[in-house]
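# Chain and residue survey
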Amino acid sequence: MSEDKPGWFGRLFGRKGSQPADQPADQPVEPPIDSPASPAEGQPDFATGADAVEQVPLPPSEPDPDESDRNAVPDAIEGADLQPIAGEPERPPAGTAGDDPARGAEPADETELAREPVIEPPPVQPVDVAAALAHDAAAEPQREAKGWWGRLTSGMKRTSSALSERVTGLFTKRKLDANTLEDLEDALIQADFGVETATRISEAVGKGRYEKGISPDEVRAILATEVERALDPVAHPLVIDTARKPFVILCVGVNGAGKTTTLGKLSLKFKAEGRSVMLAAGDTFRAAAIDQLKVWGARTGTPVISGAQGADAAGLAFDALKQAQAAGTDVLLIDTAGRLQNKAGLMAELEKIIRVIRKVDPEAPHATLLVLDATVGQNALSQVELFSQAAPVSGLVMTKLDGTARGGILVALAAKFGLPVHFIGVGESVEDLEPFAARDFARAIAGLEKG
Ligand SMILES: Nc1nc2c(ncn2[C@@H]2O[C@H](COP(=O)(O)OP(=O)(O)OP(=O)(O)O)[C@@H](O)[C@H]2O)c(=O)[nH]1
């Protein structure tokens, strides 16, 4: 995929917050009559859906300047306050739950649940998707077929190359001394491994080798071993408890982290496993996020429960859970907004969603995934702290490891919180999100072949 030419999602929704060129935000989303929604539509076996969707290019991976703005969180508040987005309302529309953080803290009652969510009959398709697909297919070269290892290593290239160059520079034809180890520690800190882990790895490299030669390859091998050791305890697959019907997954994270995209990808993965899935468009703050989820629903044949922009997210989640229960759905995936203006608002909105869905199922959500954008670096640490206060975060998904030279942040997160890491993302296509495997990640970051 061309780096500077947006794919169909890019054109449909804009990179961030911009409107599609050919579809105004307020235009109703209509299914085309009898026209295929996507290459995946109509395929009876969704196990093959991922392959079909792979042919549909997605937006460029490199974050644009808008992206950095979206993710910028001032150091002073260390992730506690999330910033309003230029060109977008700073608060949810008046009268909505998110309008007044205090409202979110009140007990949920029937008025709290006032909303008009609708169930979208699958597959539903925005009118211009077929044209976008046709255009992409004609204009963009087919992506090279790659397995996960190929995607992981090319996605992690920025981190692994930066590290590899430093290691080669430091350890070629030099005796190992305190200065070299200090430089290695600096290189690891720059890759966001965190001081503690960087020190531990440097010590492991130095152990018993002072004043001896050590080759760059040996250093890379030690690096991989140490990273794997640090990550192994957190590499846990997301287990769907089939006794829960539906198994409710709540997705939280700051704006732009990749929540909506991750849920879209997960819906396809779960369907490929033979599960029935429902999506709830709980990011009611941004109209494009609702449409984005509807398109994923259309691509994967997944019902999408949605309301109007500014609708009460908790009420929508409540309805979605009721409907998923009634339909006997296996997995309900609930998206949430990331554009909450401050910590109080964030806490209130998430707490309210959780409180309200527990009126339907006291055990829900059964998993709460915090989606973290790797490009925010150390700020991810404070995001984990913040979101863990607001929601029962049970596991992490780290996206955009392809957009940074600081992929070591995952190691720092593991060392500090020990939270399960379920999935990592190294790009925008469906195949670029996979269950997290410590060994693969460790070898990829160290620039080694698959072991
Ligand atoms: N390069 C890259 N881009 C990704 C990855 N995951 C998601 N994205 C892109 O990141 C952008 C933001 O993703 P969204 O899913 O809209 O993020 P969100 O958290 O739902 O954002 P809000 O709705 O604003 O809260 C989109 O352009 C995605 O395609 C990844 O692993 N790599």
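In the nomenclature of an unreviewed UniProt entry, the chain is known as Signal recognition particle receptor FtsY of Methylobacterium dankookense. UniProt, in the comment section headed Subunit (unreviewed entry), describes the chain in these words: "Part of the signal recognition particle protein translocation system, which is composed of SRP and FtsY. SRP is a ribonucleoprotein composed of Ffh and a 4.5S RNA molecule." Quoted verbatim from the Sequence similarities (unreviewed entry) field of UniProt, the annotation for the chain is "Belongs to the GTP-binding SRP family. FtsY subfamily."

## Considering the overall build of the chain
Across its full length, the chain carries 17 helices and nine strands. The burial tally for the chain puts 57% of its 451 residues in the buried class. In the chain, once contacts between residues fewer than 6 apart in sequence are set aside, the share between residues at least 24 apart is 80%. For the chain, the exposed area adds up to about 17800 Å²; of that, 52% sits on carbon and sulfur atoms.

## Quick look at the UniProt feature "domain: SRP54-type proteins GTP-binding" (unreviewed entry) in the chain
The UniProt entry lists residues 420-433 under the feature "domain: SRP54-type proteins GTP-binding" (unreviewed entry), expressed in the numbering used here. When the span residues 420-433 is considered, its composition is 0% helix and 43% strand, and the gap between its end C-alpha atoms is 16 Å.

## So, the pairing of strand S8 (residues 421-425)
As a general feature of sheets, a regular strand has side chains that alternate between the two faces. Here S8 lies mainly inside the structure; five of its five residues are buried. Read from strand S7 (residues 395-399) through helix H16 (residues 409-417) to S8, the crossover connection turns out right-handed. Where S8 and strand S9 (residues 433-435) come together, three bridges link them in antiparallel fashion. In the strand pairing of S9, Phe423 is matched with Pro435.

## Observations concerning the side chain of Thr260
Of note, Thr260 is situated in helix H11 (residues 259-272). With relative accessibility at 6%, the residue Thr260 sits in the buried group.

## Quick notes on the packing of helix H15 (residues 379-390) against H16
Following both chains from N to C, one finds H15 and H16 inclined at 40°, their axes separated by 9 Å at the closest point. In terms of axis orientation, H15 runs oblique to H16. Relative to H16, H15 is oriented so that their crossing is right-handed. Contacts between H15 and H16 involve Ala380, Leu381, Val384 and Glu385 from the first element and Ile409, Ala412, Leu413, Lys416 and Phe417 from the second.

## A look at the side chain of Thr284
Locating Thr284 in the fold gives a position in the loop between strand S3 (277-280) and helix H12 (287-300). Polar contacts involving the side chain of Thr284 include one to the main-chain carbonyl oxygen of Ala311, which spans 2.8 Å. Ignoring anything within four residues of it in the chain, the contact list for Thr284 reads Ile290, Ala308, Gln309, Gly310, Ala311 and Ala313.

## A closer look at the packing of helix H10 (residues 216-231) against helix H17 (residues 438-445)
Packing of H10 against H17 brings their axes to within 8 Å, and their N-to-C directions diverge by 145°. Seen from above, H10 lies across H17 with right-handed handedness. When H10 is examined against H17, the residues Ala224, Val227, Glu228 and Leu231 are found in contact with a partner set consisting of Ala438, Arg439, Phe441, Ala442, Arg443 and Ile445. Its residues placed into classes, the contact of H10 with H17 shows seven nonpolar, no polar and three charged.

## Structural notes on H10
In this model H10 runs 22 Å from its N-terminal to its C-terminal C-alpha over 16 residues, within 8% of the 22 Å that 1.5 Å per residue would give. Buried residues along H10 sit against helix H7 (157-171), helix H8 (178-190), helix H9 (195-206), H16 and H17.

## Re H17
Most of H17 sits inside the fold, with seven of its eight residues counted as buried. Among all positions of H17, only Ala438, Asp440, Phe441, Ala442, Arg443, Ala444 and Ile445 are buried. Buried residues along H17 sit against helix H6 (148-155), H7, H10, H16 and S8. A positive phi of about 75° marks Gly447, the residue just after H17.

## Let's talk about the environment of Ile409
In this structure, Ile409 sits in helix H16. Residues Ile409 and Ala374, 35 residues apart in the sequence, show an inter-C-alpha distance of 7.0 Å.

## A look at the pattern of salt bridges
Tallied over the entire structure, the rule returns 15 salt bridges. One salt bridge connects Arg244 with Asp241, and the closest N-O pair in it is separated by 3.3 Å. Among the residues examined, Arg244 registers a relative accessible area of 29% and is labelled partly exposed. Across the pair Arg275 and Glu273 runs a salt bridge whose closest N-O atoms are separated by 2.9 Å.

## Considerations on the environment of Ala326
On the secondary structure map, Ala326 appears in helix H13 (residues 313-327). As a C-alpha pair, Ala326 and Lys245 span 81 residues in sequence and 9.5 Å in three-dimensional space.

## Considering the pairing of strand S5 (residues 331-334)
Here S5 shows no split at all, with Val331 and Leu333 on one side and Leu332 and Ile334 on the other all buried. One ladder, built from four bridges, connects strand S2 (residues 247-252) with S5; its direction is parallel. From the neighbouring strand, Leu250 faces S5, where its bridge partner is Ile334. Pairing geometry for S3 and S5, over four bridges, is parallel. Bridge assignment links Met278 to a residue of S5, and that residue is Leu332.

## Quick word on the environment of Glu434
Residue position: Glu434 is located in strand S9. When its relative accessible area of 24% is taken as the criterion, Glu434 is described as partly exposed. Put simply, Glu434 and Trp148 are 286 residues apart on the chain and 7.7 Å apart in space, counted from C-alpha to C-alpha. The residues contacting Glu434, other than those within four sequence positions of it, are Trp148, Lys269, His422, Phe423 and Ile424. Engagement of the side chain of Glu434 in a polar contact is seen with the side chain of Lys269, the distance being 3.0 Å.

About the cut-offs
Residues numbered from 1 in each chain as written. Predicted model: local features only at pLDDT ≥ 70, side-chain atom pairs only at ≥ 80, totals over all residues. Heavy atoms only, no water. UniProt positions renumbered as here; feature names shortened; annotations may be inferred. Helix = DSSP H or I, 4+ residues; strand = E, 2+ residues; numbered from the N terminus. Buried < 20%, exposed > 50% of the residue type's maximum accessible area, 1.4 Å probe, protein only. Contact = heavy atoms within 4.5 Å. Areas by Shrake-Rupley, 256 points an atom, 1.4 Å probe, with all protein chains shown as cover. Right-handed = clockwise from strand over helix to strand, strands pointing away. Pairing = 2+ DSSP bridges. Axes fitted to C-alpha atoms, helices over the stretch in contact; angles between N-to-C directions. Parallel < 35°, antiparallel > 145°, perpendicular 65-115°, else oblique. Left-handed = near helix turned anticlockwise from the far one by under 90°. Polar contact = N/O pair within 3.5 Å; in protein donor to acceptor, adjacent residues only side chain to side chain. Nonpolar A, V, L, I, M, F, W, Y, C, P; charged D, E, K, R; others polar. Expected span 1.5 Å × (residues − 1). Salt bridge = Lys/Arg side-chain N within 4 Å of Asp/Glu carboxyl O.

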